[in-house]
Amino acid sequence: MAQGVKTDDLFETGLHSSLSRESMVLNLGPQHPATHGVLRVRLTLDGETVLHAEPVIGYLHTGFEKTAETHTYQQANTLTDRMDYLSPLTNNLAYVLAVEKLMGIEVPKRAQYIRVLFSELSRLGSHLVWLGTHVMDLGAMSVLFYCLRERELILDLIEQTAGVRMNPSYFRVGGLAYDLPEGFHENCQRFLDGFPKWMQSYKNLVQGNPLIEDRLKGVGRLSKEDALALSATGPILRASGVPMDLRKSDPYCFYDEFEFDVPVRTGGDSFDRFWVRMEEMEQSVRIMNQALAKIDPVGAYTTTDRKVSLPPREEIYGNMEALIHQFKLVSGGFNVPKGEVYQGVEGPKGEMGFYIVSDGGARPYRWRARTPSFYNLQTMPTMTRGGLVADVIVAIGTIDIVLGDVDK
Amino acid sequence: MGLNQDPVKSVEEQAAERGILTTTVEKMTHWAQKSSLWPATFGLACCAIEMINVTNSRFDLARFGMEVFRASPRQADLMIVAGRVSQKMAPVVRTVWEQMPEPKWVISMGACASSGGVFDNYAIVQGVDHVVPVDVYVPGCPPTPDALLFGILKLQEKITRGLPPKYRELAAAGGPA
Amino acid sequence: MTLITQAPVLDALEARFPGSLEVVPAVDQPTVKAPKEMLLALMDFAKQSLGMSLLVDVTAVDWFPARPRFELVYHLLNPDTMERVRVKSWCHLNEEMPSVMGIWPGADWPERETYDLFGVVFSGRGEVHRIYMPEDWEGHPLRKDYPVAGPRVD
Ligand code: SF4
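Residues numbered from 1 in each chain as written. Chains lettered and ligands numbered in written order. Predicted model: local features only at pLDDT ≥ 70, side-chain atom pairs only at ≥ 80, totals over all residues. Heavy atoms only, no water.

Moving on: the overall build of chain B. What chain B contains, in helices and strands, is seven helices and four strands. Compactness check: chain B gives a C-alpha radius of gyration of 20 Å against a globular reference of 16 Å for 177 residues, more than 25% above the reference. Reported as C-alpha extents along the three principal axes, the dimensions of chain B are approximately 75 × 45 × 25 Å. For chain B, the residues scored as buried account for 46% of the 177 residues in total. A total accessible area of about 8300 Å² is found for chain B, and carbon and sulfur atoms account for 58% of it. On chain B, the mean spot of the 17 positive side-chain charges and the mean spot of the 17 negative ones are 5 Å from each other. (Helix = DSSP H or I, 4+ residues; strand = E, 2+ residues; numbered from the N terminus. Rg over C-alpha atoms; globule rule 2.2 N^0.38 Å. Buried < 20%, exposed > 50% of the residue type's maximum accessible area, 1.4 Å probe, protein only. Areas by Shrake-Rupley, 256 points an atom, 1.4 Å probe, with all protein chains shown as cover. Lys, Arg positive; Asp, Glu negative; His and termini not counted. Charge placed at Lys NZ, Arg CZ, Asp CG, Glu CD.)

This is the structure we're talking about:
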């Protein structure tokens, strides 16, 4: 097509009449580097303009909900890690809080603070991967390497504490799996002290960079009404002007004791979503600094309610009852009173919630995960309508999906 | 100086002294193949994140000549199946594998890809070897980047020793590829 | 443990639909149960008058072999006041549920999911397709009479 001539002009002058106005269908994925896993998008195009982008999902459907019904409550916790695997601990948190609420278990304050600290660590790790991969989709390779470098430090902290780098299942119903390891405070503080400097280096790479800003500004706009109507949550909703953050507006785990801001923007475009997340990272560090100061080096890390928590090691070795109790808890699990509960927490991607129905037994009757990416991805057709194909990639990046979370 | 000056040394040794190495064509091909495996980017689930980590500065996959992850399977000769394979994804995995040029290798990364892992259910294929022939299995959930590196080194060892890729082995035994 | 049986949302709903709702005591949030015939009216009222502009979740519970078999569960949220309410309804096997997509377009995917995994069909919207499983898949995996391992034979 000649430069400077719009498609519509061509139609009007009749130049185009031999080419019918038929649209073209283009398939993107499920194996495509920019779809962050196995997302497939069916694009209906008019030239380069997107008429409709329809996400086709299910390529990572794992059957979590069915499998969880065969697990005991404590076992099912390990499944939650594997949904949004970039931020496993916020998934853990939503799940254990739900079960604790249904059972009416009190968790020691120290354990809750540790949960806050690790949730924010997870959020930071997740946002770092988002930043790196998103900017890489825009064409800048190097940011990813910086982000992964710092994420390694987060994984080190998690590994020290929980024993594995990813999918740690560190939070358990009733508290935590283990206490903090020796030297954790110093290591964590060193990380927190270093972070502002690293954050600045990411900003140096992206802030004011015309190549990045032009790709983001005004692209993928989502109005406040649309965002709400399509059940979007998290940074997407906040970038569209709704100041909803469950940590502030519906606090759990004593989040109300912490001082932090909720970044909100009103433009609703990719640029705003980008900066909401960037600012969130700084707020996370702020929360972690406060949490670390609140956590006593020694203290309770799990409830003393023997209904759900294992007896301490020393007792198991010397006391027959304790041994039997441990055996029963590990092999058979504990019973949860009949009823239903929903608990949502603010994950890095939005409201991560669990709806659990118990029939009074040791295994959940219904185990439902309300995963944020699943709902957020619904906004994609609205975001990309009328844009260019390249903007679809930007939209996928700023929605920040994890396919494990979408497909569960 | 002629090659026959020192009767105690073999021809190869004398050549080596002059900076010439001799080998067989076969060995050289294997050496070249193992030192420039090009993996296809094929991330599926959690394990894929650890696969990405393997390329970062800490683990530095580039040391082994394989940092060029190719987005197109037609340019790749190694498929790292990183994560759980669902029933819906299985045909896609097979197609991608078939698109890769020969010779090609497959690493099954993680418990899910190797055996279904914790997901013994309707949705997950119980081991990617039901779909494509696997050369190396790397256990773990997820395997640490070190474990994946070890798996890759094992594959390189296999290639250096001249063992055929799994699908050729199966074909030679008369089974389906 | 205290069960929630009273809340401003419940009062408002009671006042609007006197005698036709059942309040279900729950530990976490106000819960009402309504027959599916009134579901749309109730949802519309919740959104327009109670400010429940965010549909948090749509799902189902299979109570096989009890009848009615399926319980539909909707979680609603008012993002300004952070009030939540859970609305439940029910339907028999092979019965259709009214779709709430006209009220919240975001109900599209979760309803497709509920159809895919439970086989609950929604009326009043375009055709419902499977979302997770392949189109030619047989059965609905989250039903209680569906084996965990699926049709696999090994
Ligand atoms: S093996 Fe573990 S880490 Fe890897 S995909 Fe499966 S669940 Fe995820």
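Looking only at helices and strands, chain A has 18 helices and eight strands in total. Taken against the 2.2 N^0.38 rule, which gives 22 Å for 408 residues, the C-alpha radius of gyration of chain A at 23 Å falls within 12% of a compact globule. Principal axes of the C-alpha set define a box for chain A whose edges measure 90 × 45 × 35 Å. Residues counted as buried form 62% of the 408 residues belonging to chain A. Considering only residue pairs separated by 6 or more positions, chain A has 69% of its internal contacts joining residues 24 or more positions apart. In the form shown here, chain A has an accessible surface area of approximately 14600 Å², with 53% of it arising from carbon and sulfur atoms. Within chain A, one finds 42 positive and 51 negative side-chain charges whose respective centroids are separated by 3 Å. (Contact = heavy atoms within 4.5 Å.)

Taken together, 14 residues form the shell around the ligand, and within it B:Cys46, B:Cys47, B:Ala111, B:Cys112 and B:Cys141 come nearest. Around the ligand, the neighbouring residues derive from chains A and B rather than from a single chain. Of all the secondary structure elements, the ones that give two or more residues to the shell around the ligand are helix H3 (46-54) and helix H5 (110-115) of chain B. A per-element tally of the shell around the ligand places H5(B) first, with three residues. When its residues are assigned to classes, the shell around the ligand shows eight nonpolar, four polar and two charged. (Near = heavy atom within 4 Å. Nonpolar A, V, L, I, M, F, W, Y, C, P; charged D, E, K, R; others polar.)

Glancing now at the interface of chain A and chain B. The partner chain B presents 32 residues to the 29 residues of chain A that form the contact. Between chain A and chain B, a total of about 2700 Å² is buried, with carbon and sulfur atoms accounting for 61% of that surface. Linking chain A with chain B are three salt bridges. Among the salt bridges present, the one from A:Arg165 reaches B:Glu50, with a minimum N-O distance of 2.9 Å. Inspection of the region where chain A meets chain B yields 12 residue pairs in polar contact (both at pLDDT 80 or more). Counting residues per element, the ones that place at least two in the side of chain A that touches chain B are helix H2 (64-68) and helix H6 (142-162) of chain A. Considering only residue class, the side of chain A that touches chain B consists of 14 nonpolar, nine polar and six charged. (Buried area = accessible area lost by both parts, 1.4 Å probe. Salt bridge = Lys/Arg side-chain N within 4 Å of Asp/Glu carboxyl O. Polar contact = N/O pair within 3.5 Å; in protein donor to acceptor, adjacent residues only side chain to side chain.)

Here we come to the packing of helix H2 (residues 25-35) of chain B against helix H6 (residues 145-160) of chain B. Residue and element names in this part refer to chain B. Interaxial distance between H2 and H6 falls to 8 Å at its minimum, and their mutual angle equals 165 degrees. Relative to H6, H2 is oriented roughly antiparallel. Between H2 and H6 lies a crossing whose hand is right-handed. For the pair H2 and H6, contact is made by His30, Gln33 and Lys34 and by Gln156, Ile159 and Thr160, respectively. The class makeup of the residues in the contact of H2 with H6 is one nonpolar, four polar and one charged. (Axes fitted to C-alpha atoms, helices over the stretch in contact; angles between N-to-C directions. Parallel < 35°, antiparallel > 145°, perpendicular 65-115°, else oblique. Left-handed = near helix turned anticlockwise from the far one by under 90°.)

Attention now goes to helix H1 (residues 8-16) of chain C. For an α-helix, the turn length of 3.6 residues means that residues three or four places apart are oriented alike. Residue and element names in this part refer to chain C. Listed in full, the buried residues belonging to H1 are Val9, Leu10 and Leu13. Buried residues along H1 cover an arc of 95 degrees about the axis, so they all sit on one side. Away from its buried face by more than 90 degrees, H1 exposes Pro8 and Ala15. In the core, the buried residues of H1 are packed alongside strand S1 (22-23), strand S2 (31-33), helix H2 (39-48) and strand S5 (83-91). (Arc of directions from axis to C-beta.)

Time to look at the nonpolar core. A:Phe118 and C:Tyr74 are the most contacted members of the largest nonpolar core, which totals 205 residues. At 13 residues, helix H5 (residues 109-137) of chain A tops the list of elements feeding residues into this core. Excluding its chain neighbours within four sequence positions, the residues that come into contact with C:Tyr74 are C:Leu39, C:Met43, C:Leu55, C:Asp57, C:Val58, C:Val85, C:Arg86, C:Val87, C:Met97, C:Pro98, C:Val100 and C:Phe122. (Core = buried A, V, L, I, M, F, W, Y, C linked by side-chain atoms within 4.5 Å.)

What follows is about the pairing of strand S8 (residues 366-370) of chain A. In summary, the side chains of a regular strand alternate between the two faces of the sheet. All names here are of chain A. The buried fraction of S8 amounts to five of the five residues, a majority that puts the element mostly inside the structure. Here five bridges tie strand S7 (residues 351-358) to S8, and the two strands are oriented antiparallel to one another. What sits directly across from valine 357, in S8, is arginine 366. (Pairing = 2+ DSSP bridges.)

What follows is about the confidence of the model for chain A. All names here are of chain A. Looking at chain A as a whole, the pLDDT averages 87, with 94% of positions reaching at least 70. Taken element by element, chain A is modelled with least confidence in helix H1 (residues 7-13), mean pLDDT 47, and with most confidence in S7, mean pLDDT 93. Confidence drops under pLDDT 50 across residues 1-7; counting only partners more than four residues distant or on other chains, this segment forms four contacts. A low-confidence stretch, residues 9-18 (pLDDT under 50), is modelled with eight contacts involving residues beyond four sequence positions or located in other chains. (pLDDT = per-residue confidence, 0-100.)

On to a negative patch on the surface, then. Residue and element names in this part refer to chain C. A contiguous patch of negative charge, built from Glu127, Glu135, Asp136 and Glu138, is present on the exposed surface. With respect to the helices and strands, aspartate 136 occurs in the segment after strand S7 (121-123). Aspartate 136 gets classed as exposed once you look at its relative accessible area, which sits at 65%. (Patch = residues over 30% accessible without salt bridge, like charges linked within 9 Å, V, L, I, M, F, W, Y side chains within 5 Å.)

Residue and element names in this part refer to chain B. Mapped onto the fold, methionine 51 is located in helix H3. Spatially, the C-alpha atom of methionine 51 lies 8.8 Å from that of threonine 144, the residues being 93 residues apart in sequence. Residues contacting methionine 51, with those up to four places away along its chain left out, are Phe42, Gly43, Phe69, Ile80, Ala82, Met109 and Leu148.

What follows concerns the interface of chain C and chain A. With 45 residues of chain C at the contact, the number on the chain A side is 40 residues. Of the roughly 3600 Å² buried where chain C meets chain A, counting both sides, 60% is carbon and sulfur surface. Looking at the side of chain C facing chain A, the largest losses of area belong to C:Met82, C:Trp109 and C:Tyr132, adding up to 20% of the total buried there. The interface formed by chain C and chain A includes eight salt bridges. Among the salt bridges present, the one from A:Arg368 reaches C:Asp57, with a minimum N-O distance of 2.7 Å. Where chain C touches chain A, the interface holds 25 residue pairs in polar contact (both at pLDDT 80 or more). Every element with two or more residues in the side of chain C that touches chain A is listed here: strand S3 (54-62), strand S4 (70-78), S5 and helix H3 (108-118) of chain C. When residues of the side of chain C that touches chain A are assigned to their parent elements, the largest contribution, nine residues, is made by S3(C).

All names here are of chain A. The contact between helix H4 (residues 88-103) and H5 brings their axes to 7 Å, and the two run at 145 degrees. Of the residues in H5, those in contact with Pro88, Leu89, Thr90, Leu93, Val96, Leu97 and Glu100 of H4 are Gln112, Arg115, Phe118, Ser119 and Ser122. Classifying every residue of the contact of H4 with H5 by side-chain character gives six nonpolar, four polar and two charged.

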